[in-house]
Amino acid sequence: MPNPLLQPYDLPPFSSIQAAHIKPAIEQVLADSRAQLAALLSKPPAQWSWASLIEPLDEMGEQLSRAWSPVSHLNAVMNTPELRDGYNSCLPLLSQFSTELGQSQALYAAYRQLADSDQFAELDKAQQTIIEHALRDFRLSGIALPAEQQQRYGELQMRLSELQSKFSNQLMDATQAWTKHITHASQLDGLPESALAQARQAAAAHELDGWLITLEFPSYYAVMTYAHDRALREELYTAYCTRASDQGPNAGEHDNGPLIAEILQLRQELAELLGYANYAELSLATKMADNTDQVLGFLRDLSQRSRPFAEGDLAALRSFAAERGCPDLQSWDNGYYAEQLRQHRYAVSQEELRPWFPVNKVLDGMFSIAARLYGIEVREVDEFDRWHPDARLFEVTEDGEVIGRFFLDLYARSNKRGGAWMDGCRDRRRLPDGQLQRPIAYLVCNFTPAVGDQPALLTHDEVTTLFHEFGHGLHHLLTRVDYPAASGINGVAWDAVELPSQFMENWCWEPEGLALISGHHETGAPLPSELLDKMLAARNFQSGLGMLRQIEFSLFDFELHAQSGTQCSAREVLSTVRTEIAVQQPPAFNRFENGFAHIFAGGYAAGYYSYKWAEVLSADAFSRFEDEGIFNAQTGRDFREQILARGGSREPMELFVAFRGREPSVNALLRHSGLTAEEAA
Ligand SMILES: [Zn+2]
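(A) Spotlight on the overall build of the protein chain. In terms of helices and strands, the protein chain carries 28 helices and nine strands. Against the compact-globule benchmark of 26 Å for 681 residues, the protein chain has a radius of gyration of 26 Å, which places it among compact chains. Judged by the C-alpha coordinates and their principal axes, the protein chain covers about 80 × 65 × 55 Å. A total of 681 residues make up the protein chain; the buried ones form 53% of that total. The contacts of the protein chain with a sequence gap of at least 6 include a subset with a gap of at least 24, amounting to 73%. Charged side chains of the protein chain number 57 positive and 92 negative; the gap between the two group centres comes to 1 Å.

(B) Structural detail: the environment of Gln584. Following the sequence through the fold, Gln584 ends up in the loop between helix H22 (570-581) and helix H23 (597-600). Judged by relative accessible area, which is 18%, Gln584 ranks as buried. Between the C-alpha atom of Gln584 and that of Leu314, which follows or precedes it by 270 residues, the distance is 8.1 Å. Once residues within four sequence positions are removed from consideration, Gln584 is found in contact with Leu314, Arg318, Leu329, Gln330, Ser331 and Asn334. A polar contact is formed between the side chain of Gln584 and the side chain of Asn334, at a distance of 2.6 Å.

(C) Up close: the packing of helix H13 (residues 292-323) against helix H14 (residues 334-346). Viewed as axis vectors pointing N to C, H13 and H14 meet at an angle of 90°, and their least axial separation amounts to 10 Å. Relative to H14, the element H13 lies roughly perpendicular. Residues Ala316, Leu317, Phe320 and Ala321 of H13 form the contact with H14, whose participating residues are Asn334, Tyr337, Ala338, Gln340, Leu341, His344 and Arg345. Looking at the contact of H13 with H14, its residues break down into seven nonpolar, three polar and one charged.

(D) Fine view of the pattern of salt bridges. In this structure the tally under the stated criterion is 44 salt bridges. A salt bridge links Glu339 to Arg342, with the shortest nitrogen-to-oxygen separation between them at 3.0 Å. In this pair, Glu339 and Arg342 both sit in helix H14, three residues apart, roughly one turn of the helix. On the basis of relative accessible area, Arg342 is assigned to the partly exposed category, the value being 25%.

(E) The arrangement of the sheet that holds strand E5 (residues 401-411) in detail. Strand order in the open sheet made by the five strands is E3-E4-E5-E9-E6, with mixed pairing throughout. Each of the sheet's edge strands pairs with one partner strand only, and the pair in question is strand E3 (377-381) and strand E6 (421-426). Between one strand axis and the next, the sheet turns through 30° on average, direction left out of account. Of the strand pairs in this sheet, E6 and strand E9 (residues 440-447) are connected by five bridges, and their pairing is antiparallel. In the sheet register, Met422 faces E9, and the bridge partner there is Leu443. On top of the sheet, helix H16 (residues 359-374) reaches E3, strand E4 (392-398) and E5; it is set at about 20° to E4, its chief contact.

(F) Expanded view of the coordination of the zinc ion. Distances from the zinc ion to its protein donors, His468 (NE2), His472 (NE2), Glu498 (OE) and Glu498 (OE), fall within 2.1 to 2.7 Å. Its four donor atoms give the zinc ion angles of 52 to 141° at the centre, a pattern that matches the irregular case. Within one chain, the residues donating to the zinc ion are spaced in sequence as H-x3-H-x25-E. With a gap of 26 residues between them, His472 in helix H17 (residues 460-477) and Glu498 in the loop between H17 and helix H18 (499-505) connect regions that are remote in the sequence. Classification of Glu498 by relative accessible area gives partly exposed; the value is 24%.

(G) Broad picture of helix H24 (residues 610-628). Taking 1.5 Å per residue, 19 residues should reach 27 Å; H24 reaches 28 Å between its end C-alpha atoms and fits that length. Extensive coverage of H24 is indicated by the burial of 14 of its 19 residues. Within two residues after H24, Gly629 carries a phi angle of roughly 110°, on the positive side.

(H) How the structure looks around the nonpolar core. Judged by nonpolar contacts, the single largest core of 137 residues is most densely connected at Tyr374, Phe406, Phe467 and Trp507. Among the elements that take part in this core, H13 stands out by supplying 11 residues, more than any other. Ignoring anything within four residues of it in the chain, the contact list for Phe406 reads Phe367, Val378, Arg392, Leu393, Phe394, Val396, Ala441, Leu443, Phe470 and Leu477. One finds Trp50, Leu74, Ile131 and Leu393 within the second-largest nonpolar core, a separate group that totals 59 residues.

(I) Highlighting the packing of aromatic side chains. Under the definition given, this model contains 47 aromatic pairs. A centroid spacing of 6.3 Å and a plane angle of 20° characterise the contact between Phe556 and Phe596, whose relative ring orientation is stacked. With Phe556 in helix H21 (residues 543-562) and Phe596 in the loop between H22 and H23, this residue pair connects regions lying 40 residues apart in the sequence. Ring geometry for Phe592 against Phe596: centres 4.8 Å apart, planes inclined by 45°, an arrangement best described as tilted. In this structure Phe592 comes out as partly exposed when scored by relative accessible area, which is 22%. Relative accessible area serves as the criterion here: at 4%, Phe596 is assigned to the buried category.

(J) Examining helix H4 (residues 105-116) more closely. An ideal rise of 1.5 Å per residue puts 16 Å on 12 residues; H4 measures up with 16 Å between its terminal C-alpha atoms. Listed as buried for H4 are Leu107, Tyr108, Ala110, Tyr111, Leu114 and Ala115. Axial view of H4: buried residues confined to an arc of 160°, hence all on one face. Taken together, the buried residues of H4 touch helix H1 (19-42), helix H2 (50-77), helix H3 (81-102), helix H5 (119-122) and helix H6 (125-140).

(K) View of the pairing of strand E1 (residues 179-182). On E1, burial follows the alternation: Lys180 and Ile182 on one face are buried, whereas Thr179 and His181 on the facing-out side are not. Relative to strand E2 (residues 211-214), E1 runs antiparallel, the two being bridged by four bridges. Within the sheet, the bridge partner assigned to Lys180 lies in E2 and is Ile213.

(L) The arrangement of unusual backbone geometry in detail. You will see that Ala244, though not glycine, has its phi angle at about 55°, which is positive. Counting through the fold element by element, Ala244 comes out in the loop between helix H10 (230-241) and helix H11 (257-273). Looking at Ala244, the relative accessible area reads 5%, which means it is buried. Despite not being glycine, Ala606 shows a phi value in the positive range, around 50°. Structurally, Ala606 is set in the loop between H23 and H24.

(M) Representation of empty space enclosed by the protein. Under the definition given, this model contains two cavities of 30 Å³ or more. Space inside the largest cavity adds up to approximately 90 Å³. As for the largest cavity, its lining consists of 14 residues, and the residues nearest its centre are Ala174, Thr242, Arg243, Ala244 and Asn250. A class-by-class count of the residues in the lining of the largest cavity yields seven nonpolar, five polar and two charged.

(N) Quick look at the packing of helix H7 (residues 147-176) against H11. Across the interface, H7 lies against H11 with an axial gap of 10 Å and an inter-helix angle of 150°. For the element pair H7 / H11, the angle class is roughly antiparallel. Here the hand of the crossing between H7 and H11 comes out left-handed. Side by side, H7 and H11 meet where Gln149, Arg152, Tyr153, Leu156, Gln157, Arg159, Leu160, Leu163, Gln164, Lys166, Phe167 and Gln170 of the first sit next to Leu259, Ile260, Glu262, Ile263, Leu266, Arg267, Glu269, Leu270 and Leu273 of the second. The class makeup of the residues in the contact of H7 with H11 is 11 nonpolar, four polar and six charged.

How each quantity is defined
Residues numbered from 1 in each chain as written. Predicted model: local features only at pLDDT ≥ 70, side-chain atom pairs only at ≥ 80, totals over all residues. Heavy atoms only, no water. Helix = DSSP H or I, 4+ residues; strand = E, 2+ residues; numbered from the N terminus. Rg over C-alpha atoms; globule rule 2.2 N^0.38 Å. Buried < 20%, exposed > 50% of the residue type's maximum accessible area, 1.4 Å probe, protein only. Contact = heavy atoms within 4.5 Å. Lys, Arg positive; Asp, Glu negative; His and termini not counted. Charge placed at Lys NZ, Arg CZ, Asp CG, Glu CD. Polar contact = N/O pair within 3.5 Å; in protein donor to acceptor, adjacent residues only side chain to side chain. Axes fitted to C-alpha atoms, helices over the stretch in contact; angles between N-to-C directions. Parallel < 35°, antiparallel > 145°, perpendicular 65-115°, else oblique. Nonpolar A, V, L, I, M, F, W, Y, C, P; charged D, E, K, R; others polar. Salt bridge = Lys/Arg side-chain N within 4 Å of Asp/Glu carboxyl O. Pairing = 2+ DSSP bridges. Donors = N, O, S within 2.8 Å, 3.2 Å for Na, K, Ca; no water. Tetrahedral: all angles 85-135°; square planar, octahedral: opposite > 155°, others 65-115°. Expected span 1.5 Å × (residues − 1). Core = buried A, V, L, I, M, F, W, Y, C linked by side-chain atoms within 4.5 Å. Phe/Tyr/Trp six-rings, centres within 6.5 Å; stacked < 30°, edge-to-face > 60°. Arc of directions from axis to C-beta. 1 Å grid on protein atoms, 1.4 Å probe; cavity = no way out; pocket = protein on both sides within 12 Å on 5 of 7 lines; lining within 4 Å. Points joined across faces, edges and corners; volume = space filled by probe spheres on them. Left-handed = near helix turned anticlockwise from the far one by under 90°.

The analysis is restricted to geometry; functional conclusions fall outside its scope.
If you want it as structure tokens, here you go:
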């Protein structure tokens, strides 16, 4: 039996892929790639060209992606122990291969020769960007350093990855090390039934009667938002905010404090080794933002503009709490009274909205929005090789021609990874014989499945998530770039990649957009205006406090990585940032930084600001539609051609300016968030 992962295919042969195929296929492809690479680099031509260097490398990448992409997808959506073993057994092989490429002096020399050649000037802008970015990434992998420093670079990377992994493990251990057993139902008064069921299940898993409160986020969140018992909230808050630290009920047990200090010190050394003044500068080398002053100025500007609204939010919360017998609002009261106030003001729940968002109505409406904006049609394909009965396939056509396809897998089920994401299944690419390979995407969500004979009914949050992932999908599918390194979302800077996705969400908040995507599942009746008004009004509830909170995290992360020379401790930096930004100071025992895995264990170091940065871009891009009509076809075509079609082929600021006619401004985001004088009036 031939290995299906090694056969040519149009769409991945999901139903014939077995766990036993995975490792042999990847080993085979990697062996082939190594042999091809060695052959390619063994007799360098007098002069490297795009066709002699980049095209063969792209072809190698394609072979690997064809074998690996369906495996990685199945591992996420149809996980089994066998599949997971097969998948995991390949990870070290893949990471070793990618290290070999990044460390290959011969490959680096070939890229440099191509960049310095006469041919370079004749390449198009996308090709030049691809070569420049490849050289940049080689340099950032330490390849240009003298041997001794290269060795130190390797040591630093290795130690950092150990420390980051230890940070994450200690945080997990600390999260699991604390639980609270509840034996009287009255202590959990206020919690919704779903949270109580979860707590009962947690207790049963520990062979206890009653309920168990844990520091896992859903449990923590439910108590902090709904529990009437103030002492319980204080106890849980204290345990949660001191995880993995020198404070709180398990003080010193899994303390991440020393790790933070060492991580920061090594990052600084790494940055200096590569010629940067600090780690923030190194982080920006691959991002849209130009320099550290620009990021710091951006965050401080947003902070100053949002502050009066945050103060207003806090005052409203304090007086609401005081009227209900809580005259001294503390950190552990915020979530609780905010939820009470929200219900008091708007009385609308996500559950109430479901009947108006049956899934096929939402999909049809979303596709017709895309048709009006981008001149494309989306239609479903019934016959294809599925990985699960829920999987669906759609074709995107333009002028009768199929320009891309996407898979859709909407519902939560066991053995499927949580959350929602878009992933490339295949990139757009011009083949050496001149034919065009069209892109394919996976769009995956975890929505509530249909119950009984009803169609699946979505909450408005779920609808927004669907639009978000569809926005990423359109970025991947509507690309006009013919080179895989910059087609679709490939090569797009980290702080710009959320622009198309957040941008699409806007249509879920416009009455004209909502009219297209909603209709009662039994009667087809439109969303009642009373519900619509409440939903729109609740959108910006307490948005001033929310904004300042995100700015506090972003500024802390960035200041921490932007200081060179004199080192302050993370604690000191956080405390300075809080004094500057926060309108309410948390208690002194709070050790937020010891649980900030985004920046100490994940990829967000000196990059947490990207969330707000991309929101500014998407809101400002949408504001052109507000000026010119949210269904203005010309504006839609412009967005498609200037942003979606160009992927990573140019610097994101150039693309933004080409679409908007100027650099981004924060005004639209402030207005959409209800943080302008006009909105407050
Ligand atoms: Zn996203």
